[in-house]
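# A look at the structure
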Amino acid sequence: LAFIAISILAVLYSSGTVSAASGVIVSGTTWNDNNGNPVNAHGGGMIKVGSTYYWIGEYKDTSGLFVATACYSSTDLQHWTFVNKTLVRQTSGDLGPNSIVERPKILYDKTTKQYVETMHVDVAGYKKPGVGVATSPTICGNYTYHGRLKLNGSSINKWDSGSFQDTDGTGYIITHNGNIYKLAPDYLSAVSQPLSAMCSNCEAPTLFKVGSIYFFLFSHRTGWASNDDFYFTATSLSGPWTSRGNLAPAGTHTWNSQTTYVLPVQGTSGTTYMYMGDRWNANNLGTSTYVWQPLVIKGTSLSMPTFHASWTVNS
């Protein structure tokens, strides 16, 4: 299996720093990049190109307002190289001062041969949500922002957005409350809405597929505080969706994290699905850490029954 070795430490890490030389994934600590700086890629997503993983996330400071989105690269999911800030603050508009950009995700559109970064765009106070879209011919390049995604000429006024690419190459946008929007071939607009408001008071959506089964993950709405995240399954994006309960044991608050992405990791003899979560620090979002764990998946059952404080993965 891709997941080949776990070392359970005596304590659950909540602070500290892990250098690139550590060679393990240690959740809840500060991870340093190749320059010795903390990896700053919160609420992010990941894509593999060739043998390299690319992680794009929120580059945050103490304010919580938009600074940039950052791209890091790795070949082993343990040692991270800072490559570029893919989007940076502009003088006005969705990327301007006092703006909010959260949960960036990345897809590759084979039709246009462009990398497509989508994100929740908003203003301070979260009064004007939307789904922003940007493109670049290179994964960690300087992205061109194209504005807010629209369906039938109207902006998709949702928050906590993410993206998903099905096995047939079709792209989708997901948002809070269980909305799914099918993208046009160029990924720059939506053409239909296969699913509308599947759940209430649910955010932090994450969608992935194993075989013929779709898994849709959410957290409850408790601000920056963690809670017991939960999930649904279906064999069609339009449903029906079946509630399956919590990801982790009740009361663990998803091992003190909030879901952001699930990454399939193809190893030498199988695939591990890696949960990627954020352990938010509400007092200083830029110092928030990451919780990455191997998922246990059997049919429609998904779980993280045990917290692996330290583990390695065969990537």
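What this report covers is the structure whose coordinates are included nearby. (Residues numbered from 1 in each chain as written. Predicted model: local features only at pLDDT ≥ 70, side-chain atom pairs only at ≥ 80, totals over all residues. Heavy atoms only, no water.)

## Focus on the pairing of strand β25 (residues 289-294)
Just so we agree on the cut-off: When accessible area is computed with a 1.4 Å probe and restricted to protein chains, residues below 20% of their type maximum are described as buried, those above 50% as exposed, and intermediate ones as partly exposed. Numbering of helices and strands starts at the N terminus; helices are DSSP runs of H or I of at least 4 residues and strands are runs of E of at least 2. Paired strands, in this sense, are two strands between which DSSP finds at least two bridges.
Here β25 lies mainly inside the structure; six of its six residues are buried. Burial along β25 is two-sided: the residues Thr289, Val291 and Gln293 and Tyr290, Trp292 and Pro294 are all buried. Relative to β25, strand β24 (residues 271-279) is paired through six bridges, and the arrangement is antiparallel. Bridge assignment links Tyr275 to a residue of β25, and that residue is Gln293.

## Let's talk about the sheet that holds β24
Filter applied, for reference: Axes here refer to lines fitted to C-alpha atoms; in helices the fit is confined to the stretch in contact. Angles between the N-to-C directions go from 0 to 180 degrees.
If you walk across this open sheet you meet the three strands as β23-β24-β25, and the pairing is antiparallel. Each end of this open sheet is capped by a strand with a single partner; those strands are β23 (258-266) and β25. Averaged over neighbouring strand pairs, the angle between their axes works out to 25° when direction is ignored. Note that β23 and β24 share eight bridges and pair antiparallel. Within the sheet, the bridge partner assigned to Tyr261 lies in β24 and is Met276.

## Concerning the sheet that holds strand β19 (residues 202-210)
Read from one edge to the other, the open sheet built from four strands follows the order β19-β20-β21-β22, with strand pairing classed as antiparallel. At either margin of the open sheet sits one strand with a lone partner, and together these are β19 and β22 (242-246). Each strand axis lies, on average, 25° off the axis of its neighbour in the sheet, ignoring direction.

## Describing the side chain of Ser163
For clarity, the threshold we go by: Working rule for contacts: check all heavy atoms of both residues, and any pair within 4.5 Å makes them a contact.
Looking at the secondary structure, you find Ser163 in strand β15 (residues 162-165). Ser163 gets classed as buried once you look at its relative accessible area, which sits at 8%. Not counting chain neighbours up to four residues away, the residues in contact with Ser163 comprise Lys105, Ile106, Leu107, Thr118, Tyr172, Ile173 and Ile174.

## Digging into unusual backbone geometry
For the bond running from Gly239 to Pro240, omega is 5°, close enough to zero to count as cis. Note on placement: Pro240 falls in the loop between β21 (230-234) and β22. Although it is not a glycine, Tyr126 sits at a positive phi angle of roughly 55°. Within the secondary structure, Tyr126 sits in the loop between β10 (114-123) and β11 (130-136). For Tyr126, a relative accessible area of 40% puts it in the partly exposed group. Unlike most non-glycine residues, Ala204 shows phi in positive territory, near 55°. On the secondary structure map, Ala204 appears in strand β19. Overall, the relative accessible area of 0% leaves Ala204 in the buried class.

## Concerning the packing of aromatic side chains
In plain terms, the rule: For this analysis, a ring pair means two rings from Phe, Tyr or Trp (six-membered ring only for Trp) whose centres lie within 6.5 Å, classed as stacked if their planes differ by under 30 degrees, edge-to-face if by over 60, and tilted for the remaining angles.
All chains considered together, the criterion is met by 22 aromatic pairs. Where Phe216 meets Trp241, the ring centres are 5.3 Å apart and the plane angle is 50°; that geometry is what we call tilted. With Phe216 in strand β20 (residues 213-220) and Trp241 in the loop between β21 and β22, this pair connects stretches of sequence that are 25 residues apart. Each member of the pair, Phe216 as well as Trp241, is classed as buried.

## Let's talk about the pattern of salt bridges
The line we're drawing: Here, a salt bridge means any side-chain nitrogen of Lys or Arg that lies within 4 Å of a carboxyl oxygen of Asp or Glu.
If you walk through the whole model with that rule in mind, you get three salt bridges. Across the pair Lys209 and Asp166 runs a salt bridge, and its minimum N-O distance is 3.1 Å. Of the two residues, Lys209 sits in strand β19 while Asp166 sits in the loop between β15 and β16 (171-175), which places them 43 residues apart along the sequence.

## Quick look at the state of the cysteines
Definition in use: Pairs of cysteine sulfur atoms within 2.5 Å are what we label disulfides.
Across all of its chains, the model carries two disulfides by this definition. The side chain of Cys71 participates in a disulfide bridge whose partner is Cys140; the two sulfur atoms lie 1.8 Å from each other. Residues Cys71 and Cys140 are joined through a disulfide that is left-handed, its torsion about the S-S bond being -40°. In this pair, Cys71 sits in strand β7 (residues 68-74) while Cys140 sits in the loop between β11 and β12 (144-148), placing the two residues 69 residues apart along the sequence. Relative accessible area serves as the criterion here: at 11%, Cys140 is assigned to the buried category. Indicated for the protein is the disulfide connectivity 1-2, 3-4, based on numbering the bonded cysteines in sequence order.

These values are about where atoms sit, not about what they do.
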